Amino acid sequence: MYLTKEEEQILNGEAGETLQKALEILVALGDIYGAEGLIPIKSAQIAGVSYKTIGDAGLEWISDLKGKVKVPAILNPAGMDLENWERIRIERTFAEKQKEIVRAYEKLGIRCECTCTPYTLKNFSVKSGDHLAWSESSAVAYANSVLGARTNREGGPSALSAALLGKTANYGFHLEENRIPTISVSVECSLKTSDYGALGYAAGKAIGSQVPIFYLNEKKERKKGKEKSKEEAATACPNQDELKALGAAMAASGAVALYHVAGLTPEAKKRKFEPPAEKLVIERSQLDEVYASLCEDSEPDLIALGCPHCSPAELKKTAELLKDKSVSKELWVFTSREIAKFYPEYINCIEKSGAKVICDTCMVVSPASNHYSCVMVNSGKAFAYVPGMCGAKAVFGSLEACVQNATGEKKKGEDFN
Amino acid sequence: MLSCDPISFLGSVDPKSGTVVEKGHALYGKSIKGKILIFPHGKGSTVGSYVMYQLKKNKAAPVAIINLETEPIVAVGAIISEIPLLDKLEKNPYEFLKDGDRVRINAGEGFLETLEKA
């Protein structure tokens, strides 16, 4: 790897041990992936925040670091709502360790808003072509695919190293040639809202770490109808929340960091890619299989929404569905603290039903979910992670089905999608 | 100590003792503490890097690691824990080393020498 004179000095320890270690990490990764040098980054997003995932091991390492980050840097979700942790049954010992972790990051100059959707925050803007060092896999997929920025799936330590140095190793998705699609995915059915999560879950397994380009072939179904209604026409073009759900699910069931949607996402529009030779076809039946998941003998005992964190539009929809209703079981809605602060009317409406709006964390990284045996979600990402991370079964359904299950309007098996 | 299986430090190794706790693993029940540990490559969660750091702090880490070809989790873990790491040796270590052999490695210059065959 080529290093500048200043970088060489850092590597020799002339700028202290923390920066020396940070650069050693980036150089080691650069060597593994064949980087020619380092590249300046605009921001970093650092995973490895929940005490549940990093434990004492991570806490010790972060606490031992010294210095300040050189670019805006932000944290991934923690293991609990940092202000309201008691109401989701977090133990005091866990809460204390969790606060210690957040304080250790804060000491390094990192913004302690813990969210997996940093691209929604004020003062954390991302522009097309920006080089980033982000580590939350769904945020990586969103930044690369929807925003046209450039980041690899950084690990916690490498994102933190990049933040401290303001640079990362220049390989992978930082380079134009690696952003060309390598597999085409033809979707042979119409899609609405949670279908995108189901699609991502089903497709991600087959795609692995390749770069897919999606062809959303909705015309076939549309021709069957008598007329093209407005609603059907709108499904041809997934909105930002649907793209968020698609990428998040593919990054979880596979290792997708960048995807394109023909005619829609910025690079697909600009570069007009040729369809790759390798092809994957997804049909309605594969999405139905995801919806058909049931908790054998039990009803879901927790309904969890907001993986990734709910946008204002998703909160609004949830609030509308819950208006004048009350939940008969736990319904948790995860979002970022900033969004919760800006939209108190949605939060009040949701909480009036007995549901809880929870910030700074999520069902996957918080031990709060471990108290439940079957979790119903509307997210392909949560559906992929809940069984392994929370020791609970997972059921997938649309937002409407999730809310209806929580309010007791519909039970298991009654048309989950 | 040779492992024919890859190692996921998160979940497979007890950070307090260095004992391999993953059932069915080639090293199940054995301790990697104080060993020159040879395994093909890492696997599993990126938190594995931190577990290597914890092993080191608990004085339960391997003294050195040799991989056929290392990957980011083990590479990062080795750096933050200051565990010497070698990979891509000229000769396949599984062909000329056995469990219990005594070897000396120099990760700075990148060589390995066999001191005593088991």
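Above: the structure in question.
Cut-offs applied
Sequence order sets the numbering: in each chain, residues are counted from 1 along the sequence as written. Lettering of chains starts at A and numbering of ligands starts at 1, both following the order in which they are written. In view of the model being predicted, local features appear only for residues whose pLDDT reaches at least 70, and side-chain atom pairs are presented and counted only at 80 or more, with totals across whole chains, interfaces and linings using the full set of residues. Nonpolar cores are built from buried Ala, Val, Leu, Ile, Met, Phe, Trp, Tyr and Cys residues. These are joined into a set through C-beta atoms within 7 Å. With C-beta atoms placed from the backbone, a residue is buried if 20 or more other C-beta atoms are within 10 Å of its own, exposed if 12 or fewer are, and partly exposed between those counts. Note on contacts: each residue gets a C-beta atom placed from the backbone, and two residues are in contact if those atoms are within 7 Å. Criterion used throughout: strands pair if DSSP finds at least two bridges between them. Segments assigned H or I by DSSP are reported as helices when at least four residues long, segments assigned E as strands when at least two residues long, and all are numbered from the N terminus. To get an axis, fit a line to the C-alpha atoms, keeping to the stretch in contact for a helix; angles then go from 0 to 180 degrees between the N-to-C directions.

### Details of the nonpolar core
Part 1: Ranked by size, the top nonpolar core spans 169 residues in total, and within it A163, M363, V375 and V386 of chain A carry the most contacts.
Part 2: Apart from residues lying up to four places away in sequence, V386 of chain A is in contact with M363, V364, S369, V375, V377, A392 and A394 of chain A.

### Comments concerning the sheet that holds strand β14 (residues 374-377) of chain A
All names here are of chain A.
Part 1: Taking strand neighbours across the sheet as the criterion, the 5 strands line up as β13-β12-β11-β14-β15 in an open arrangement whose pairing is parallel. The sheet is open, and its two borders are formed by β13 (356-359) and β15 (393-396), each paired with just one other strand. Taking the axes of each pair of neighbouring strands and ignoring which way they run, one obtains an average angle of 30° across the sheet.
Part 2: For strand β12 (residues 330-335) and β13, the ladder comprises 4 bridges, and the chain directions are parallel. For F334, the partnering residue across the bridge sits in β13 and is I358.
Part 3: Strand contacts of helix α16 (residues 380-390): β11 (302-310), β14 and β15, with the helix running at about 170° to β15, the strand carrying the most contacts.

### Focus on the pairing of strand β8 (residues 212-216) of chain A
Residues and elements named next belong to chain A.
Part 1: For β8, the tally of buried residues reaches 4 of 5 residues, placing the bulk of the element in the interior.
Part 2: Sheet topology places strand β7 (residues 183-187) next to β8; 5 bridges connect them, and they run parallel. Bridge pairing in β8 links S186 to Y215.

### Some remarks on the interface of chain A and chain B
Part 1: Contact with chain A, which involves 18 residues of that partner, is made by 16 residues of chain B.
Part 2: When residues of the side of chain A that touches chain B are traced back to their parent elements, those giving at least two are α2 (17-33), α3 (51-64) and α6 (156-165) of chain A.
Part 3: Ranked by residue count, the leading element in the side of chain A that touches chain B is α3 of chain A, at 7 residues.

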